[in-house]
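Descriptive structure summary
Each chain, letter by letter, is given below.
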Amino acid sequence: MTRYHRLSAQDASFLYAESPKSGMHVGWTVIVDDPTLSEARLRQHLAARIHLAPRLRKKVLHVPFEAGRPVLVDDAQEDRVQGLGVR
């Protein structure tokens, strides 16, 4: 059985309003001032802890025929750290 979480009306409105000209997503930046921390070590650190953040393991699934608001479902993607945009 697939577990899902329906988006709130507000979250769905942000999703519907997003377009190539109007990004409605929220982003963040972390500045790490540690010259000993390499990209490989940071990726390894995140990969070992991603299971602690369930929201980062979800993807949006639209309901057929737009019969309701979209839902969040588990994402089977293997490399979830890659999707975090770590550079």
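This is a predicted model, so every value here is computed, not measured.

Cut-offs used in this document
- Residues numbered from 1 in each chain as written.
- Predicted model: local features only at pLDDT ≥ 70, side-chain atom pairs only at ≥ 80, totals over all residues.
- Heavy atoms only, no water.
- Helix = DSSP H or I, 4+ residues; strand = E, 2+ residues; numbered from the N terminus.
- Buried < 20%, exposed > 50% of the residue type's maximum accessible area, 1.4 Å probe, protein only.
- Contact = heavy atoms within 4.5 Å.
- Salt bridge = Lys/Arg side-chain N within 4 Å of Asp/Glu carboxyl O.
- Pairing = 2+ DSSP bridges.
- Axes fitted to C-alpha atoms, helices over the stretch in contact; angles between N-to-C directions.
- pLDDT = per-residue confidence, 0-100.

1. Quick word on the overall build of the protein chain
Scanning the protein chain for helices and strands turns up 2 helices and 3 strands. Ordering the α and β elements of the protein chain from the N terminus gives β-α-α-β-β. Within the protein chain, the proportion of its 87 residues that are buried is 14%. Long-range pairs, those at least 24 residues apart, make up 59% of the contacts in the protein chain between residues at least 6 apart in sequence.

2. Concerning the pattern of salt bridges
Enumeration over the complete set of coordinates arrives at 2 salt bridges. Among the salt bridges present, the one from Asp74 reaches Lys58, with a minimum N-O distance of 2.8 Å. Residue Asp74 is found in strand β3 (residues 71–74), and its partner Lys58 is found in strand β2 (residues 58–61); the two are separated by 16 residues along the sequence. On the accessibility criterion, Lys58 (26% relative accessible area) is partly exposed.

3. So, the pairing of β3
In this sheet, β3 lies alongside strand β1 (residues 4–6) in antiparallel orientation, the contact comprising 3 bridges. When the sheet's bridge partners are listed, Tyr4 is paired in β3 with Val73. Pairing of β2 with β3, which is carried by 4 bridges, proceeds in the antiparallel orientation. When the bridges of β3 are listed, Val60 appears paired with Leu72.

4. Describing the sheet that holds β3
The strand order across the open sheet formed by 3 strands is β1-β3-β2, and the pairing between neighbours is antiparallel. Lying at the two open borders of the sheet, with one neighbouring strand each, are β1 and β2. On average, adjacent strands in this sheet sit at an angle of 30° to one another, irrespective of strand direction.

5. Comments concerning the environment of Leu72
Summarising the element assignment, Leu72 is placed in strand β3. Each C-alpha atom, one on Leu72 and one on Arg55, is 8.8 Å from the other, the two residues being 17 residues apart in sequence. Dropping the residues within four chain positions of it, Leu72 is found in contact with Arg3, Tyr4, His5, Leu7, Arg55, Lys58, Lys59 and Val60.

6. Quick word on the confidence of the model for the protein chain
When pLDDT is averaged along the protein chain, the result is 82, and 85% of the positions lie at 70 or above. Between the elements of the protein chain, mean pLDDT differs from a low of 86, seen in β1, to a high of 91, seen in helix α1 (residues 9–17).

7. Observations regarding unusual backbone geometry
Non-glycine residue Phe65 carries a positive phi angle of around 60°. Within the secondary structure, Phe65 is located in the loop between β2 and β3. Positive phi outside glycine occurs at Glu66, with the angle close to 50°. Note that Glu66 resides in the loop between β2 and β3. Judged by relative accessible area, Glu66 falls into the exposed class, the value being 52%.

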